[in-house]
Amino acid sequence: MKKKQNRRSFLKVSALGSGGMLLSVSWLSSFRAADKEELLNAQADWQEISGYIRIKPDNSIQILAPNPEFGNNVLTSLPMIVAEELDADWKMVEVEQAPFDAAVYGGKGARQFTGGSRSVMMWWKPLREAGAAGRQMLINAAAKSWSVPASEIKTEKGILFHGNKRATYGEMAAKAAQEAIPENISLKELADFDIVRTSKKNVRGKDIVTGKPMFGVDYKAEGMLIAMLQHPPAFGMKLKSFDASRVLKMPGIKDVFSIEVFPEGYERGGFDTRTFNELVAVVGNSTWEVMQARKKLKVEWEKAAEKIEVVQGWGGKSEERIPAGLPSSDAQYKEMEKYAKEKAVVLRKDGDPEAAFARAAKVLERTYTAPFLAHNTMEPMNFFADVSNGKAFMAGPLQAPEMAEATVSKRLGIPVENIDIHMTRMGGGFGRRAYAHYLVEAALVSQKAKAPVKLMYSREDDMTYGIYRPMYTALYRAAIDEKNNLIGFHVKGGGIPEHPIAANRFPAGAVDNYLAEGWQIPSNITIGAFRAPRSNFNAAAEQSFLDELAETLGKDPIDFRLELLERAKSNPVGENNDYDVDRYAGVIKLVKEKSAWGSPENEGKKRGVAAYFCHASYAAHVVDMVEKDGQPYVEKVTTAMDCGIVINPDAAKNMVEGAVVDGIGNSLYGRLSHSDGRAEQNNFDTYRIIRNREAPKVIDVHFVENDIDPTGLGEPPFPPVFGAVANALYQKTGRRQYNQPFQTELPNS
């Protein structure tokens, strides 16, 4: 950031007519700084201004959070960073969700995007400097007012001090707004933090528990109609014709028509994923009336032909083949078995793995599989759109507004400056709301219906639409010599329609002869980011295999992992190992200590361990398994996390606890299968999720304390849960788990 902008593009300030101070925070390099007149005119309705900190005469401070909130608590944690450097009194801070404005908040390297566990990582330094700049300007104003050196003025919780002189920020705000922007901003020493690293309650906690309207499904507008879509009943099918004559006579129904999400030849963006391109829209006065009418709709479907689509992704343009056919899970598993035996793409090769396996005294070889998974966000997919007169106003829950805005602009032919997207709180996401199709659908329906419309998906609509976690498989092999040493390691992973392998992660770098390969099978079943993409399977398979390998070598599973990490530290193989050995070993050692692994009091417990690195953070779990109602039950989980500086400890602990419960549920029960293209699970009566009574009694979370800049937290604790559960199940049942969900292979299941 510092290389791409100067301090004067960093923020602008303005005195308000009320005597306050408004700071325009330039979060990244390409801000559009607001004019002073614009700021002054905005005071009556300041919440519509992007990227501002407002200090009012009564010493209250309003801070806008740039990223959309979906339960990861960024609406609290990001303003905490600003307030820390501002040296504000947190009790006087009010937080608002910033509106979407790519010109103000956008820039190379960061966006108003919630996903990839990047929110705090992206904003850590920019938000610190924003708060520090505001504090320095207040100090400079006080120094002039009191005729004292600025260096002698101290601040604490929104108060300026010098000897017996004192003033609140609010009292000094108007004068501070006239100060020059500081050229050099000094940040606090980490030891002086008193907001960051302390637990703060969720700023929307009361609104959530009292049911205040804040989610997309709560959004209402005058004259708003409700729309629902009918998509083909199976993957590999498309719309042939429909008859709406009966539906149009039903109460409350305004219109029925078809829409085309993307026209022929459309070049999709990287997040322009959609499964069914031609849909039938039913528009009416209420959700109930539209749902009942849709049941009476007569639609003919036909098989879709294979096609090629151009996608403009992060790495440039590519062609995506979407095959024809009505896929079935049994056939897909057999196809993966076939591909697994064929030549794959070499992703990394160290030493001579072929020779190592040829001379091995023993080879351990195991194959792991996992099915498609549905996101199942608690808030059904929805979005509001009002498209008219060459403009579009849209409101709803989404993770990637900038990319969605670009897609809506391109598809509808509306300039970006004429599109206004309002971000509501999301009732879950973890990838599902990163894709723009449902915004485009809502906009197209509004445009054609010539009315403001809220598009609603039912649970069945979403679960049968796609954008799933992919199907995966991986073959793991270990070569062991006559002295019981590990001399070779081979992983060959594939999937539908992508492989999961991260070739430069552990145990790469710890084995002399190492080979990683990948392959993938095109599919007409669409996939998308799912909490800790690829890692959620890779960790499960890898950590299960390492556990079995440790047993084969006659070693304790924790000691074996630490032994490999010590090798990667003292004599690493290769140069592209993407993990920090000390941090990785640190979480394993911490979870060993906190779980009292190997201690006499835990002798006889059925325990499993796993650790993994992803999204720049490190996580390790020890799972204690018992029997409950005749079934294995996770009674306790001990967790160690290294995610750098923890902004809000209670919120961070909540995040890890959620990941643990989510991981247990998905590993034991999660599965979405298909027969002749039809999803066999379409609601929670057939798609099994974890129940309250099945959640662990205790989740004991510990964070490594260090001064490393914050790294990811929403996703990293999730992947190793799968492996820890699998390894604990082995200790409990005596059977290794190779196929997810594990519950299907358990006794009495």
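The structure presented is a predicted model; accordingly, all values stated were derived computationally and were not measured.

Caption draft 1: Geometry of the overall build of the chain. From N to C terminus, the chain includes 18 helices and 31 strands. The C-alpha atoms of the chain give a radius of gyration of 28 Å, which matches the 27 Å a tight globule of 749 residues would have. In terms of overall dimensions, the chain has a C-alpha envelope of 80 × 70 × 50 Å along the principal axes. The 749 residues of the chain split such that 59% are buried. Residue pairs in contact within the chain that sit at least 24 positions apart in sequence constitute 76% of those at least 6 positions apart. For the chain, the accessible surface area stands at approximately 30300 Å², while carbon and sulfur atoms represent 47% of it. Each charge sign in the chain was given a centre, from 95 positive and 96 negative side chains, and these centres are 2 Å apart.

Caption draft 2: A look at helix α3 (residues 74-86). With 13 residues, α3 extends 18 Å between its outermost C-alpha atoms, agreeing within 8% with the 18 Å of an ideal straight helix rising 1.5 Å per residue. A large share of α3 lies buried, amounting to 13 of its 13 residues. Positive phi shows up at Asp87, right after α3, with a value of about 60 degrees.

Caption draft 3: Layout of the packing of helix α5 (residues 119-146) against helix α6 (residues 169-176). Relative to each other, α5 and α6 sit at 85 degrees, their axes nearing to 9 Å. The angle between α5 and α6 places the two elements in the roughly perpendicular class. Here Arg135, Met137, Leu138, Ala141, Ala142, Ser145 and Trp146 of α5 come into contact with α6, specifically with Tyr169, Met172, Ala173, Lys175 and Ala176. Its residues placed into classes, the contact of α5 with α6 shows 9 nonpolar, 1 polar and 2 charged.

Caption draft 4: Up close: the sheet that holds strand β17 (residues 345-350). What the 5 strands build is an open sheet, ordered β17-β25-β24-β23-β18; its pairing is mixed. The open sheet has two edge strands with one neighbour each: β17 and β18 (362-370). Recorded for the sheet is a direction-independent mean angle of 10 degrees between the axes of neighbouring strands. Seen against the sheet, helix α9 (residues 329-340) touches β18, β23 (471-480), β24 (486-496) and β25 (514-520) and runs at an angle of roughly 35 degrees to β23.

Caption draft 5: Local environment of unusual backbone geometry. Cis rather than trans, the peptide bond between Phe506 and Pro507 has omega equal to 10 degrees. Residue Pro741 is reached from Gln740 by a cis peptide bond, and omega for that bond is -5 degrees. Of note, Pro741 is situated in the segment after α18 (719-733). Unusually for a residue other than glycine, Ala616 sits at a positive phi of about 70 degrees. Relative to the helices and strands, Ala616 resides in the loop between β26 (606-614) and β27 (617-628). A relative accessible area of 28% means that Ala616 is categorised as partly exposed. Unusually for a residue other than glycine, Asp676 sits at a positive phi of about 50 degrees.

Caption draft 6: Here's a closer look at the packing of helix α14 (residues 535-552) against α18. Look at α14 against α18: their axes get within 7 Å of each other, and the N-to-C directions meet at 35 degrees. Viewed along their axes, α14 and α18 form a crossing whose handedness is right-handed. Counted together, Ser535, Asn536, Ala539, Ala540, Gln543, Ser544, Asp547 and Glu551 of α14 and Pro719, Pro720, Phe722, Gly723, Ala726, Asn727 and Tyr730 of α18 form the full contact between these two elements. Taken together, the residues that form the contact of α14 with α18 break down as 7 nonpolar, 6 polar and 2 charged.

What counts, and where the lines are drawn
- Residues numbered from 1 in each chain as written.
- Predicted model: local features only at pLDDT ≥ 70, side-chain atom pairs only at ≥ 80, totals over all residues.
- Heavy atoms only, no water.
- Helix = DSSP H or I, 4+ residues; strand = E, 2+ residues; numbered from the N terminus.
- Rg over C-alpha atoms; globule rule 2.2 N^0.38 Å.
- Buried < 20%, exposed > 50% of the residue type's maximum accessible area, 1.4 Å probe, protein only.
- Contact = heavy atoms within 4.5 Å.
- Areas by Shrake-Rupley, 256 points an atom, 1.4 Å probe, with all protein chains shown as cover.
- Lys, Arg positive; Asp, Glu negative; His and termini not counted.
- Charge placed at Lys NZ, Arg CZ, Asp CG, Glu CD.
- Expected span 1.5 Å × (residues − 1).
- Axes fitted to C-alpha atoms, helices over the stretch in contact; angles between N-to-C directions.
- Parallel < 35°, antiparallel > 145°, perpendicular 65-115°, else oblique.
- Nonpolar A, V, L, I, M, F, W, Y, C, P; charged D, E, K, R; others polar.
- Pairing = 2+ DSSP bridges.
- Left-handed = near helix turned anticlockwise from the far one by under 90°.

These values are about where atoms sit, not about what they do.
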